[in-house]
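Spelled out from the first residue to the last, the chains are:
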Amino acid sequence: MRCVFLCILFLGLSACVTAPPPAPGRAAGALSLCPGRVANAPATDRRGRIAGFAPVTEISGVSLLRAPVDGCVSSGFGPRRGGAGSFHHGVDLYTGSPRTIIAGGDGVVELIGSQRGYGRTVIIRHNRTVKTRYAHLSRYDGDLREGRRVRRGDPIGRTGDSGNATAVHLHYEILVRGKPANPLTAGR
Ligand SMILES: [Zn+2]
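Residues numbered from 1 in each chain as written. Predicted model: local features only at pLDDT ≥ 70, side-chain atom pairs only at ≥ 80, totals over all residues.

(A) Region of interest: the overall build of the protein. In terms of regular secondary structure, the protein is built from 0 helices and 16 strands. When each of the 188 residues of the protein is scored for burial, the buried share is 46%. (Helix = DSSP H or I, 4+ residues; strand = E, 2+ residues; numbered from the N terminus. Buried ≥ 20, exposed ≤ 12 C-beta atoms within 10 Å, placed from the backbone.)

So, in structure tokens, the structure goes:
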């Protein structure tokens, strides 16, 4: 099967369109591109694994997971071809069927709720500078509450296709002072 994934952000809306590929498993510590065509695809090795990928990064004093769900990259971060103002503010991790999403880092749950285009969304505030956003969820974890502390690795929900999405995936953003950073490359 082919993966044709197009994720367009315009006027603050995210519109994701996907023809789903099979979901490959993820080797520990590795992250792969989904089969087929991937928009904004990051560089990979010959086996389709993201080149130089490290599971954890540190941004402004926060340790964050670069991929907080077991999936493959179906769309990378950055400007899109063929659309003025079209910019993908996160990375899309396709999971096939709903899978558990974990908190990317220690922090406080700032928002649990629907956001336009993003569907069911969780935002975690890690410190004054850094937040993460998790979008298109099918459900929230039952223990999740706004204002509650979470630790990196705590379950926060399940992947889905709520909002502007046509395949089950996580749209994951790392926001530094409100500006999106590339989850696969930001920090060190
Ligand atoms: Zn996305």
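Further notes follow.
(B) Representation of the environment of Arg 125 within the structure. As for its placement among the helices and strands, Arg 125 is situated in strand S11 (residues 119-125). Each C-alpha atom of the pair Arg 125 and Leu 111 lies 9.0 Å from the other, and the pair is 14 residues apart in sequence. Beyond its immediate stretch of four places on either side in the chain, Arg 125 contacts Gly 107, Val 108, Glu 110 and Lys 131. (Contact = placed C-beta atoms within 7 Å.)

(C) Examining the pairing of strand S3 (residues 56-59) more closely. Burial of S3 is one-sided: the residues Thr 57 and Ile 59 facing one way are buried, the residues Val 56 and Glu 58 facing the other way are not. Where S3 and strand S4 (residues 62-65) come together, 4 bridges link them in antiparallel fashion. Bridge pairing links Ile 59 to Val 62 in S4. Linkage of S3 to S4, two consecutive antiparallel strands, is achieved through a turn of 2 residues, within which Ser 60 is found at a positive phi near 50 degrees. (Pairing = 2+ DSSP bridges.)

(D) Examining the nonpolar core more closely. One finds Val 73, Leu 93, Ile 101, Val 122, Tyr 134 and Ile 156 to be the most contacted residues of the largest nonpolar core, which totals 34 residues. Broken down by secondary-structure element, the contributors of at least two residues to this core are strand S5 (72-75), strand S8 (91-94), strand S9 (100-102), strand S10 (107-115), S11, strand S12 (130-140) and strand S15 (169-176). Non-local contacts of Ile 101, meaning those with residues more than four positions away in its chain, are made with Pro 68, Val 69, Tyr 134, Leu 137, Ile 156, Gly 157, Arg 158, Thr 159 and Leu 170. The next biggest cluster of nonpolar side chains, apart from the first, holds 6 residues, and it includes Ile 59, Leu 64, Ile 174 and Ala 181. (Core = buried A, V, L, I, M, F, W, Y, C linked by C-beta atoms within 7 Å.)

(E) A look at the pairing of strand S14 (residues 155-159). Burial within S14 is extensive, with 4 of its 5 residues counted as buried. Strand direction decides the pairing type here: S9 and S14, joined by 3 bridges, are antiparallel. Residue Ile 101 lies in a different strand from S14, and its bridge partner there is Gly 157. Sheet analysis places S12 next to S14, joined by 3 bridges and oriented antiparallel. Directly across from Arg 139, in S14, lies its bridge partner Arg 158.

Worth remembering: the numbers are spatial, not functional.
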